[in-house]
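Chain by chain, the residues run as shown.
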Amino acid sequence: MTPLQLTHLAAGEKSAPVTDWAARIGWLVGLALFIALVYWLMREGWKWRGTLQSDLPELPAVPEAPGEARLTMSGRYHGSTTAGQWLDRIVAHGLGTRSRVELTLTEAGLAVVRPGATDFFIPAGALREALLGKGIAGKVLSEGGLLIVTWAHGDRLIDSGFRSDQAAEHTEWVDTLNSMINKSLQTTDTEGAR
């Protein structure tokens, strides 16, 4: 091979193109902006849902001395929904905030103490039903893995979902709450008949 042929061969072989960093950075910035937009839209939707539910009255505060505890439970609060509609999450007054929870059942009602979130109290007269469920907005568990308490607040019936650290406690809670509700209903019926 002559030197001219070698030069021609060397000139014909090219290396692979270098990565186009400007295009790659442009895509990454575009993706970051898209994620920020989706997050912002979700946040605005959450705030809008709270605005739509602004007719919900303020939650009752936990009384200073609610009485002797019948049952206590530590676990998680998974949220509240419109009763019977497990996907219609209620976010007004902090009811949509998931958190740790300490439940205390007394003759006066159910104290819901949530570190880092708004505490509230469900008076005994507002309790309607307790049952074992498997899901509430955004949380699905095995059958019976969730304690669902139905209660009246204002003109709404609300389902609130709790999960104990000891799932075996759920049955005792359902039985105790339902017997307390039935006793309250019987007392109300007896007083109404007089």
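It should be noted that the structure appears before, not after, this text.
Bear in mind the structure is a predicted one, so any value in this text is a computation, not a measurement. (Residues numbered from 1 in each chain as written. Predicted model: local features only at pLDDT ≥ 70, side-chain atom pairs only at ≥ 80, totals over all residues. Heavy atoms only, no water.)

1. Comments concerning the overall build of the chain
Next up, step 1: Helices and strands together make up the secondary structure of the chain, namely 3 helices and 10 strands.
Next up, step 2: Start at the N end of the chain and walk to the C end: the helices and strands fall as α-α-β-β-β-β-β-β-β-β-β-β-α.
Next up, step 3: Looking at the chain residue by residue over its 194 residues, the buried ones come to 34%.
Next up, step 4: For the chain, the exposed area adds up to about 12,100 Å²; of that, 60% sits on carbon and sulfur atoms. (Helix = DSSP H or I, 4+ residues; strand = E, 2+ residues; numbered from the N terminus. Buried < 20%, exposed > 50% of the residue type's maximum accessible area, 1.4 Å probe, protein only. Areas by Shrake-Rupley, 256 points an atom, 1.4 Å probe, with all protein chains shown as cover.)

2. A few points about the packing of aromatic side chains
Next up, step 1: With the rule as written, the count across this model stands at 3 aromatic pairs.
Next up, step 2: Their ring planes at 55° and their centres at 5.6 Å tell us that Tyr 77 and Phe 162 sit as a pair that is tilted. Here Tyr 77, found in strand E1 (residues 71-82), pairs with Phe 162, found in strand E10 (residues 156-164); they are 85 residues apart in sequence, far enough to count as distant. Accessibility classification places Tyr 77 together with Phe 162 in one group, the buried group.
Next up, step 3: Three or more aromatic residues joined by ring pairs form one cluster here, namely Tyr 77, Phe 120, Trp 151 and Phe 162.
Next up, step 4: Taking the ring centre of Trp 21 as reference, the NZ or CZ of Arg 24 above it sits at 5.6 Å. (Phe/Tyr/Trp six-rings, centres within 6.5 Å; stacked < 30°, edge-to-face > 60°. Lys NZ or Arg CZ within 6 Å of the ring centre and 35° of its normal.)

3. Overview of the pattern of salt bridges
Next up, step 1: Counting across every chain of the model gives 3 salt bridges.
Next up, step 2: For Glu 107, the salt bridge is made with Arg 70, and the minimal N-O distance between the two is 3.1 Å. Of the two residues, Glu 107 is situated in the loop between strand E3 (99-106) and strand E4 (109-113) and Arg 70 in the loop between helix H2 (21-52) and E1; the sequence distance between them amounts to 37 residues.
Next up, step 3: Residues Asp 165 and Arg 100 are paired through a salt bridge, measuring 2.9 Å at the closest nitrogen-oxygen approach. Taken together, the residues Asp 165 in the loop between E10 and helix H3 (169-193) and Arg 100 in strand E3 connect sequence positions 65 residues apart.
Next up, step 4: The partly exposed category is assigned to Asp 165, whose relative accessible area is 41%. (Salt bridge = Lys/Arg side-chain N within 4 Å of Asp/Glu carboxyl O.)

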